[in-house]
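These are the residues of each chain, in order.
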Amino acid sequence: MANPFNQFFQRLFGTEQESKTKSPPVADSVTPETVPAVENVLPVVVENTLPPLAVNTTVVPAAAPTQIVEINNATPSTEKLQIWKPAIPIDTLFFDWIMGYPGEGSVADTEQKVLQALYGLLASDLNDAVVVPRMPSVIPQLLASLRNKSVAVHELTRLIVKDVVLVGEVVNSVNSALYNPADRISSLEKAVIMLGEDGLRFVIAKVAFRPIINLSAGPYTRRAAPHLWLQSEKCALACHALSDHKENNGYDAFQAFLTGLMKNVGLIIAFRLLDQECEQPKFRYSAGFQHAMASVAATLSYRIAQRWDFPPTVIQALQQQAGGRKAVEWTALGQLLHDADLISKMRVLVNQAQLSRNDQQLKSGLNPAMADCFDNLNTLQAYELRNVSTNG
């Protein structure tokens, strides 16, 4: 039987021949026995790309937790891309906010217990891991029909109606305050026509990822998940918006959107493990722990993208977010994801009054396209409605 994930991305990203181009698998040589003890692990960070560590931090020393695999079959960048370095420690502020409190020190035993569990997951077969999410079954069927230009609207409606959440999202999309139709659209068939094929692809992708990010578990996940989903949506929109200003080397705007949605999948898994390994609702954590957790989470995201047969350009962009011991050779999509992730975090933190929009350092180093994306991210949409009659 064909793998539904293979079918999903064959339909989503192009022809069958194109979709068979896969990235090489993650090295299988890493086993639970070969994962180093946590006390000998150095957080994997990109040199000079992360914000300064907070004071009084404890950084865990020595070797990397797992091998980062080079992916060489994605379209390479034609020039060495320069990465944006925010003047404000955005990643640290965002992590403190989703945790619900600042780290303020370190509890070494708890940190090591959590990181050891994360490294153990990295060394495992993610296909068998219960914490790794799976794509909803209705999505491959629906996207397969979208690739067939002869499929009638009533057939699309029949597929969508199988998923109550998807029905609500499609109808709500055309009735949003941004479009503000004169009369509320209640007909699913009319909403499908108004969205069009491209609009449906974005709505479907968002609906597919929402339950993955909003997994409820223990106190850490319940606290973090709503914030992570909010930022994931904005990151995807920022990726889509910024892709209009990039030379798209091997990817399109929808791939950029999907890459943004995929960014936090590993982090939500990390929070689920935190729930399992940490009994107390709060613990003191160091900046070193935050960076290590972020790096492992980024590695999980691209490992899962490999398991789901994402295009090589998307996998490589996700991989680059994990960092490493040497400076990253950024691809266009990798740089775009890095920028969109930080811009969306800035936007969320400003919206939540965690940062001041009047802070002079906030937009330091942003080019005009990035600054415009930040200013308008609250109102951006990934698609425009079709200009069709809504009467009757």
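Structure's up top.
So, how was this worked out
Residues numbered from 1 in each chain as written. Predicted model: local features only at pLDDT ≥ 70, side-chain atom pairs only at ≥ 80, totals over all residues. Heavy atoms only, no water. Helix = DSSP H or I, 4+ residues; strand = E, 2+ residues; numbered from the N terminus. Buried < 20%, exposed > 50% of the residue type's maximum accessible area, 1.4 Å probe, protein only. Contact = heavy atoms within 4.5 Å. Areas by Shrake-Rupley, 256 points an atom, 1.4 Å probe, with all protein chains shown as cover. Core = buried A, V, L, I, M, F, W, Y, C linked by side-chain atoms within 4.5 Å. Phe/Tyr/Trp six-rings, centres within 6.5 Å; stacked < 30°, edge-to-face > 60°. Lys NZ or Arg CZ within 6 Å of the ring centre and 35° of its normal. Lys, Arg positive; Asp, Glu negative; His and termini not counted. Salt bridge = Lys/Arg side-chain N within 4 Å of Asp/Glu carboxyl O. Polar contact = N/O pair within 3.5 Å; in protein donor to acceptor, adjacent residues only side chain to side chain. Axes fitted to C-alpha atoms, helices over the stretch in contact; angles between N-to-C directions. Parallel < 35°, antiparallel > 145°, perpendicular 65-115°, else oblique. Left-handed = near helix turned anticlockwise from the far one by under 90°.

Visitor: Would you explain the overall build of the protein chain in this entry?
Guide: Scanning the protein chain from terminus to terminus reveals 15 helices and 0 strands. When each of the 392 residues of the protein chain is scored for burial, the buried share is 55%. Long-range pairs, those at least 24 residues apart, make up 78% of the contacts in the protein chain between residues at least 6 apart in sequence. Put simply, the protein chain shows about 17,400 Å² of open surface, and 49% of that area lies on carbon and sulfur atoms.

Visitor: Help me understand the nonpolar core, please; the structure alone is not making it clear to me.
Guide: When a protein is soluble and globular, its nonpolar side chains tend to lie buried together. The biggest cluster of nonpolar side chains holds 108 residues, and the ones touching the most others in it are V170, F209 and F271. With 15 residues, helix 8 (residues 188–213) is the largest single contributor of residues to this core.

Visitor: Is there a simple way to think about the packing of aromatic side chains in this case?
Guide: Both the distance between ring centres and the angle between the ring planes are used here to describe each pair of aromatic rings. Within the structure shown, the criterion is met by 13 aromatic pairs. Judged by centre distance (5.4 Å) and plane angle (85°), the rings of F95 and Y285 are edge-to-face. Here F95, found in helix 3 (residues 90–99), pairs with Y285, found in the loop between helix 11 (265–277) and helix 12 (287–307); they are 190 residues apart in sequence, far enough to count as distant. By the burial criterion, F95 is buried, and Y285 matches it. Under the relative-accessibility criterion, Y285 is labelled buried at 3%. Aromatic ring contacts, followed pair by pair, group F95, Y101, Y220, F271, F283, Y285 and F289 into a single cluster. When the ring centre of F254 is taken as origin, the NZ or CZ atom of R201, which lies over that ring, is 4.4 Å away.

Visitor: Got a minute to help me understand the side chain of D275 in this structure?
Guide: Position of D275 relative to the elements: it lies in helix 11. The side chain of D275 is buried and forms no salt bridge, while R272, the nearest opposite charge, is found at 6.3 Å. With sequence-adjacent residues up to four places away left out, D275 is seen in contact with A217, G218, P219, Y220 and T221.

Visitor: When you look at the environment of G323 in this model, what are you seeing that I'm missing?
Guide: Mapped onto the elements of the fold, G323 is located in the loop between helix 13 (312–320) and helix 14 (332–351). On the accessibility criterion, G323 (9% relative accessible area) is buried. Residues G323 and V296, 27 residues apart in the sequence, show an inter-C-alpha distance of 9.8 Å.

Visitor: Quick question: what am I supposed to make of helix 7 (residues 164–174) here?
Guide: Side chains three or four residues apart in an α-helix point the same way, a direct result of the helix having 3.6 residues per turn. L166, E169, V170, V171, S173 and V174 are the residues of helix 7 that are buried. Here helix 7 starts with a cap whose side-chain oxygen sits 3.0 Å from the backbone nitrogen of V165, and that cap is D163.

Visitor: For this particular structure, what's the right way to read unusual backbone geometry?
Guide: Phi is mostly negative for residues that are not glycine, and the peptide bonds are mostly trans. Unusually for a residue other than glycine, E104 sits at a positive phi of about 55°. Looking at the secondary structure, you find E104 in the loop between helix 3 and helix 4 (108–122). Its identity as a non-glycine residue notwithstanding, A353 has a phi of 60°, on the positive side. Position of A353 relative to the elements: it lies in the loop between helix 14 and helix 15 (368–376). Overall, A353 belongs to the exposed group, its relative accessible area being 65%.

Visitor: Help me out: how do you make sense of the pattern of salt bridges in this one?
Guide: Think of it this way: side chains of opposite charge can pair up when their charged atoms draw near. Within this structure, the stated rule accounts for 8 salt bridges. Put simply, K363 and D375 hold a salt bridge, and the shortest N to O gap is 2.6 Å. Taken together, the positions of K363 in the loop between helix 14 and helix 15 and D375 in helix 15 put the pair 12 residues apart, joining distant regions of the chain. For K363, a relative accessible area of 34% translates into the label partly exposed. Judged by relative accessible area, D375 falls into the partly exposed class, the value being 41%. Taken together, the salt bridges that share partners define one network made up of D91, K263, D341 and K345.

Visitor: Could you clarify how one ought to interpret the packing of helix 9 (residues 219–243) against helix 11 in this entry?
Guide: Between two packed helices, both the angle of their axes relative to each other and the distance between the axes serve to describe the pair. Their axes nearest at 8 Å, the elements helix 9 and helix 11 cross at an angle of 165°. Here helix 11 runs roughly antiparallel to helix 9, going by the angle between their axes. In terms of crossing hand, the pair formed by helix 9 and helix 11 is right-handed. Residue-level inspection shows P219, Y220, T221, A224, A225 and L228 of helix 9 in contact with helix 11, the latter providing L267, I268, F271, R272, L274 and D275.

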